[in-house]
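Coordinate inspection notes
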Amino acid sequence: MELKAEVRTVPPIVIEWMHQGKFSRNSDCTKFVLVGLLSNFIEILYIRKGNIVSIRGPNQHIPEFEVDYSAGYPMLQLLDMERLHFYTDVVLGNLDWGIQSKIFFE
């Protein structure tokens, strides 16, 4: 008898909530940064250079969750009350030579 792994179907909106974050830009709108609240990532976009810098990990933690339909539509229900929050806020400043950012951890 062959055992098959359970295939879990998760609505896209639930995945979107899992990868939500805080967004910031500099005053001349040439640099943008997005940091993850529940996922460990930082995305930096340099408009003038056309570069995107992605930083992932080192923690590849996905919080334990289930899909909650009690409101009549799918919502993210986190099960781990001791869960990690990665970045709680980000502020992006201007420097001629690059990017200055303050990333706040919980």
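Rules behind the numbers
Residue numbers run consecutively from 1 along every chain, following the written order of its sequence. For a predicted model such as this one, the threshold for reporting local features is a pLDDT of at least 70, and the threshold for listing and counting side-chain atom pairs is 80 or more; totals across whole chains, interfaces and linings nevertheless cover every residue. For the side-chain quantities, the full set of heavy atoms in the structure was used; hydrogens and water were omitted. Comment: elements are numbered from the N terminus, with helices defined as DSSP H or I runs of at least four residues and strands as E runs of at least two. Using a 1.4 Å probe on the protein chains alone, a residue whose accessible area is under 20% of its type maximum counts as buried, one over 50% counts as exposed, and one in between counts as partly exposed. Two residues form a contact once any of their heavy atoms are found within 4.5 Å. Computed by Shrake-Rupley with a 1.4 Å probe, the accessible areas treat only the displayed protein chains as cover when residues are assessed. pLDDT runs from 0 to 100 and stands for how confident the predictor is about each residue. Criterion used throughout: strands pair if DSSP finds at least two bridges between them. Interaxial angle, 0 to 180 degrees, is taken between N-to-C directions of lines fitted to C-alpha atoms, where a helix line uses only the stretch in contact.

Within the protein one finds one helix and eight strands. When the helices and strands of the protein are listed from N to C terminus, the series reads α-β-β-β-β-β-β-β-β. Counting all 106 residues of the protein, 30% fall into the buried class. Look at the contacts in the protein between residues 6 or more apart in sequence, and 39% of them connect residues 24 or more apart. For the protein, the accessible surface area stands at approximately 7,700 Å², while carbon and sulfur atoms represent 55% of it.

In the predicted model, the protein carries a mean pLDDT of 78, and the fraction of residues at 70 or more is 77%. Between the elements of the protein, mean pLDDT differs from a low of 51, seen in strand β8 (residues 98–105), to a high of 91, seen in strand β5 (residues 65–68). A low-confidence stretch, residues 96–100 (pLDDT under 50), is modelled with nine contacts involving residues beyond four sequence positions or located in other chains.

Strand order in the open sheet made by the four strands is β1-β2-β3-β4, with antiparallel pairing throughout. Pairing within the sheet leaves two strands with one partner each, and these edge strands are β1 (21–25) and β4 (51–56). Neighbouring strand axes in the sheet, compared pairwise and without regard to direction, differ in orientation by 10° on average. Two strands pair when backbone bridges link them, and strand β2 (residues 31–36) and strand β3 (residues 41–46) are joined in this way by five bridges, in the antiparallel orientation. For Val33, the partnering residue across the bridge sits in β3 and is Ile44.

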